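Read off the chains here:
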Amino acid sequence: MDVRVANVRKEFDRFPALHDVSLDIRSGELIALLGPSGSGKTTLLRLIAGLETPTRGAIYFGDEDASHRTIQERNVGFVFQHYALFRHMTVADNIGFGLKVRPGATRPPKVEIRKRARELLDLVQLSGLEDRYPAQLSGGQRQRVALARAMAIEPKVLLLDEPFGALDAQVRRELRRWLRDIHDATGHTTVFVTHDQEEALELADRVVVMSQGRIEQVGTADEVYDTPNSPFVYGFIGDSSSVPVKIEAGQVWIDERPIGLSVPAASNGDATLYFRPHDVELLDGCSGCIAGTVVASRRVAGTRRVELEFGGHQQRVEIELPVEHPAAQKSRVAFRPRRWKIFPQEA
Amino acid sequence: MADFVSTASLHAEKNRATATTESRATRWVLLALAFGFIALFLLLPLILVFAEALKRGVGPYLEALGDSDTLSAIRLTLLVAAISVPLNLIFGIAAAWAIAKFEFKGKAFLITLIDLPFSVSPVISGLVYVLLFGSSSLLGPWLKSYGIEILFAVPGIVLATVFVTFPFVARELIPLMQEQGTGDEEAALSLGANGWQAFWYVTLPNIKWGLLYGVLLCNARAMGEFGAVSVVSGHIRGLTNTMPLHVEILYNEYNAVAAFAVASLLAGLALVTLVLKTILEIHYGHAIAGSRGH
Ligand SMILES: Nc1ncnc2c1ncn2[C@@H]1O[C@H](COP(=O)(O)OP(=O)(O)OP(=O)(O)O)[C@@H](O)[C@H]1O
Ligand SMILES: [Mg+2]
């Protein structure tokens, strides 16, 4: 089922939580909503589910305007951040709930519901736990029951709000892989919210980067990582370093010296240069480069991060060096970003 | 009050015990004061009620209870409770639902209104009904022309009782429902349940012990209410006398055995309520947590 969010605006008591958001979600896609806290991820997810109504704009399921359909009519599976399992029901009853409340004609018989619950428990690898209560499960198990419960109604779209938010790193990684497998096996259109970029980049077909109620960029993991389209995305996804620069005559300048990067299309004026700390080329001689003194250095896993001080205004920038690089305190290092982007200075 | 026993609060308890600096003597004095007070003002009267009622033996006690006016007082009390408790059950759930699960203007005002019967003397509550339905009011004579009697009749007693008891269920449920939030209901709706199913299968089981607790208190008050009912009842023997009113009449007639016999029933009700309440608090304290205003 394709889902199309068309120019949706959502206000809570005048406060705009989403401004004019548009998004096309393709059928069968696994898509991640990624953004800092308060950026409107949950709000967007709840709008798609029908738990909120848009202030303006519309949401289409297929070709149909679903904006005014109730959540029941939309047939979405929603997994809540804190699971929201029914604590007085067993695992099997939780999973069977969506089938039990169906109107008479479409409601399967009890044995059928129970059988379906057992199948879903197998799918989420929790066979044998059907008679437990939610309080008797671990966090990861609860999470999986919540997912099984949402899938029991055979939803057209599966929506997950920070599905692994409350779990420790180890379990998160396991469940991540497992969710991908389930998605591939069932083919649901799936949207999940996360503020963990690693999770989004690893798991999703496409990532939607959000900030302050707006969508900043939509793309595959490679696209948003390699070609961020705004300073925000550069800063938010992966590590980035930035340096204030000047653009003149199609060249990038720092302190009246060109640094060997040309920008034929950019207009003159102040700008900011962004690049990844590891995506730099170290140079020996310096005719057109950024050269600075090492002022701090720390070991990060397989590499070394150094902070360079350069220019007349003691600006600092962070780059990554191979561990075996002889750069010691106070030594001079010259480099040029290999992949980079210029954004004009914001007013 | 017995509250919510979690590990956190147990820890707090422990810390407090070691952190308090009162000497043993102070503690003993405080405990003795508390227990002495309870014995003097609660236990002793309770024992006296039963002692007085059974002073002439079981025969006269049962005879007093078998009196036709007494029986009709018991019937009326049960009837009033049977009407006002369900009414307040429905009202309490509706009000708590609205307050806990929706945002609307005038919420604080509604909460204040629910508390009104707690802060107003019951006699005044009764007088309000006299003003509303009395012979010099607008409504009273108009209703009377249709043959409907409110004041000095059963409807008036029910109204007054409903008024004084309506905070009980609502007050019990509001903090409980606020704490539980709307997550479970949203989950039920997202799974295709309609509003009624979400309420029946999800909300109600989540609040059932708190609800029972509220109903218990509501019932105890409904059966025991004196002030408001006294104003609107008219004290017609065999017709508009509830048990508490009947006790007063018997007592004023120097019929001590009968008066205390009926009083012993009310005291018995209080004891049963207390026991049930304690059982609920012990076993389901975590499920009826929340602030207690009474
Ligand atoms: N019911 C509400 N009433 C008022 N404001 C709200 C409501 N829900 C969300 N907001 C506001 O809308 C903005 C977006 O909230 P939202 O919950 O969508 O953020 P989020 O991206 O999911 O954040 P998080 O990662 O912390 O969950 C926030 O500023 C929040 O305060
Ligand atoms: Mg959120």
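Predicted model only: the values in this text are computed from it and were never measured.

The rules behind these values
Residues numbered from 1 in each chain as written. Chains lettered and ligands numbered in written order. Predicted model: local features only at pLDDT ≥ 70, side-chain atom pairs only at ≥ 80, totals over all residues. Heavy atoms only, no water. Helix = DSSP H or I, 4+ residues; strand = E, 2+ residues; numbered from the N terminus. Contact = heavy atoms within 4.5 Å. Areas by Shrake-Rupley, 256 points an atom, 1.4 Å probe, with all protein chains shown as cover. Buried area = accessible area lost by both parts, 1.4 Å probe. Salt bridge = Lys/Arg side-chain N within 4 Å of Asp/Glu carboxyl O. Buried < 20%, exposed > 50% of the residue type's maximum accessible area, 1.4 Å probe, protein only. Domains from an automatic or database assignment. Polar contact = N/O pair within 3.5 Å; in protein donor to acceptor, adjacent residues only side chain to side chain. Nonpolar A, V, L, I, M, F, W, Y, C, P; charged D, E, K, R; others polar. Phe/Tyr/Trp six-rings, centres within 6.5 Å; stacked < 30°, edge-to-face > 60°. Lys NZ or Arg CZ within 6 Å of the ring centre and 35° of its normal. Axes fitted to C-alpha atoms, helices over the stretch in contact; angles between N-to-C directions. Parallel < 35°, antiparallel > 145°, perpendicular 65-115°, else oblique. Left-handed = near helix turned anticlockwise from the far one by under 90°. Pairing = 2+ DSSP bridges. Expected span 1.5 Å × (residues − 1). UniProt positions renumbered as here; feature names shortened; annotations may be inferred. Near = heavy atom within 4 Å.

(A) Expanded view of the overall build of chain B. Looking only at helices and strands, one finds 14 helices and 0 strands in chain B. If you list the helices and strands of chain B from N to C, you get α-α-α-α-α-α-α-α-α-α-α-α-α-α. Here the contacts in chain B between residues at least 6 apart in sequence split such that 74% fall between residues at least 24 apart. Element-wise, carbon and sulfur atoms account for 71% of the exposed surface of chain B, whose accessible area totals about 16,000 Å².

(B) Spatial organisation of the interface of chain A and chain B. Contact with chain A, which involves 20 residues of that partner, is made by 17 residues of chain B. Approximately 1,600 Å² of surface area, both sides summed, lies buried where chain A meets chain B, with 61% of it carried by carbon and sulfur atoms. Our count for the contact surface shared by chain A and chain B stands at 2 salt bridges. Between B:Asp184 and A:Arg87 there is a salt bridge, with the nearest N and O atoms lying 3.2 Å from each other.

(C) A look at the side chain of B:Ser233. Residue and element names in this part refer to chain B. With respect to the helices and strands, Ser233 occurs in helix α12 (residues 227-233). By relative accessible area, Ser233 is classed as buried at 0%. Apart from residues lying up to four places away in sequence, Ser233 is in contact with Phe152, Ala153, Ile157, Thr240, Asn241 and Leu245.

(D) Summary view of the domain arrangement of chain A. Residue and element names in this part refer to chain A. The domain architecture assigned to chain A consists of domain 1 (3-235) and domain 2 (239-344). Placing a centre on the C-alpha atoms of domain 1 and another on those of domain 2 gives a separation of 41 Å. Counting the surface domain 1 buries against domain 2, the share from its top three residues, Tyr225, Pro231 and Tyr234, is 70%. Taken together, the links from domain 1 to domain 2 amount to 0 salt bridges. Where domain 1 meets domain 2, there are 5 residue pairs in polar contact (both at pLDDT 80 or more). Taken together, the elements giving at least two residues each to the side of domain 1 that touches domain 2 come down to α8 (221-226) and α9 (231-236). Partitioning the side of domain 1 that touches domain 2 into residue classes produces 5 nonpolar, 3 polar and 1 charged.

(E) Representation of the packing of aromatic side chains within the structure. Per the stated rule, a full pass over the model turns up 19 aromatic pairs over all chains. When the ring of A:Tyr274 is compared with that of A:Phe343, the centres are 5.6 Å apart and the planes differ by 75°; the resulting orientation is edge-to-face. Of this pair, A:Tyr274 sits in strand β14 (residues 269-275) while A:Phe343 sits in strand β20 (residues 340-344); the two residues are 69 residues apart in sequence, bridging distant segments of the chain. Grouped by ring-pair contacts, the aromatic residues B:Phe91, B:Tyr129, B:Phe133, B:Phe163 and B:Phe166 constitute a single cluster. Against the face of A:Tyr225 rests A:Arg276, its NZ or CZ located 4.2 Å from the ring centre. In this structure, B:Lys101 is placed above the aromatic ring of B:Trp97, and the distance from its NZ or CZ to the ring centre is 5.5 Å.

(F) Layout of the packing of helix α2 (residues 24-53) of chain B against helix α14 (residues 256-284) of chain B. Residue and element names in this part refer to chain B. Relative orientation of the contacting elements α2 and α14 amounts to 140°, with a least axis distance of 8 Å. Accordingly, the angle class assigned to the pair α2 and α14 is oblique. Of the two elements, α2 crosses α14, and the hand of that crossing is left-handed. Contacts between α2 and α14 involve Leu46, Val49, Phe50, Glu52 and Ala53 on the former and, on the latter, Val257, Phe260, Ala261, Ala263, Ser264, Ala267, Gly268 and Leu271. Of the residues that constitute the contact of α2 with α14, the class distribution is 10 nonpolar, 2 polar and 1 charged.

(G) Inspection of the sheet that holds strand β16 (residues 290-300) of chain A at higher detail. Residue and element names in this part refer to chain A. Strand order in this open sheet of 5 strands is β15-β19-β16-β17-β18, and the pairing throughout is antiparallel. Taken across any chain shown, the strands that pair with only one partner, and hence form the sheet edges, are β15 (280-283) and β18 (315-322). Neighbour-to-neighbour, the strand axes of this sheet turn through a mean angle of 45°, independent of strand direction. Where β15 and strand β19 (residues 332-337) come together, 4 bridges link them in antiparallel fashion. The residue of β19 that forms the bridge with Val280 is Pro337.

(H) Focus on helix α5 (residues 139-151) of chain A. Residue and element names in this part refer to chain A. Compared with an ideal rise of 1.5 Å per residue, which puts 13 residues at 18 Å, α5 spans 19 Å between its outermost C-alpha atoms and is within 8% of the ideal. Most of α5 is tucked away, with 10 of its 13 residues classed as buried. Along α5, the residues classified as buried are Gly140, Gln143, Arg144, Val145, Ala146, Leu147, Ala148, Arg149, Ala150 and Met151.

(I) Just the UniProt feature "transmembrane region" (unreviewed entry) in chain B, in detail. All names here are of chain B. Under the feature "transmembrane region" (unreviewed entry), the UniProt entry names residues 28-51, 71-97, 109-134, 146-170 and 256-276. From the first C-alpha to the last, residues 71-97 spans 39 Å; its make-up is 100% helix and 0% strand. As annotated, residues 256-276 comprises 100% helix and 0% strand, and the C-alpha atoms at either end are separated by 30 Å.

(J) Main features of the site of ligand 1. Residues and elements named next belong to chain A. Not every one of the 13 residues close to ligand 1 is listed here, only the nearest: Ser37, Gly38, Lys41, Thr42 and Thr43. Ser37 has a polar side-chain atom sitting 2.5 Å from an oxygen atom of ligand 1. Lys41 is positioned such that a nitrogen or oxygen atom in its side chain is 2.8 Å from an oxygen atom of ligand 1. Protein chains shield 62% of the accessible area of ligand 1, which is 640 Å² for the free molecule. At the level of elements, β2 (15-25) and α1 (41-49) are the ones that each hand at least two residues to the shell around ligand 1. No other element matches α1, which puts 3 residues into the shell around ligand 1.

(K) Layout of the sheet that holds strand β8 (residues 189-194) of chain A. All names here are of chain A. Taken in spatial order, the 6 strands make up an open sheet running β6-β7-β8-β3-β9-β10, and their pairing is mixed. Looking at strand neighbours, the two that pair on one side only are β6 (76-79) and β10 (214-219), the edges of this open sheet. Each strand axis lies, on average, 15° off the axis of its neighbour in the sheet, ignoring direction. Judged from the 5 bridges that link them, strand β3 (residues 30-34) and β8 form a sheet pairing that is parallel. Its bridge partner lying in β8, Leu30 is registered against Thr190. Against the sheet, α1 contacts β3, β6, β7 (157-161), β8 and β9 (206-211), and its axis sits at roughly 150° relative to β7.

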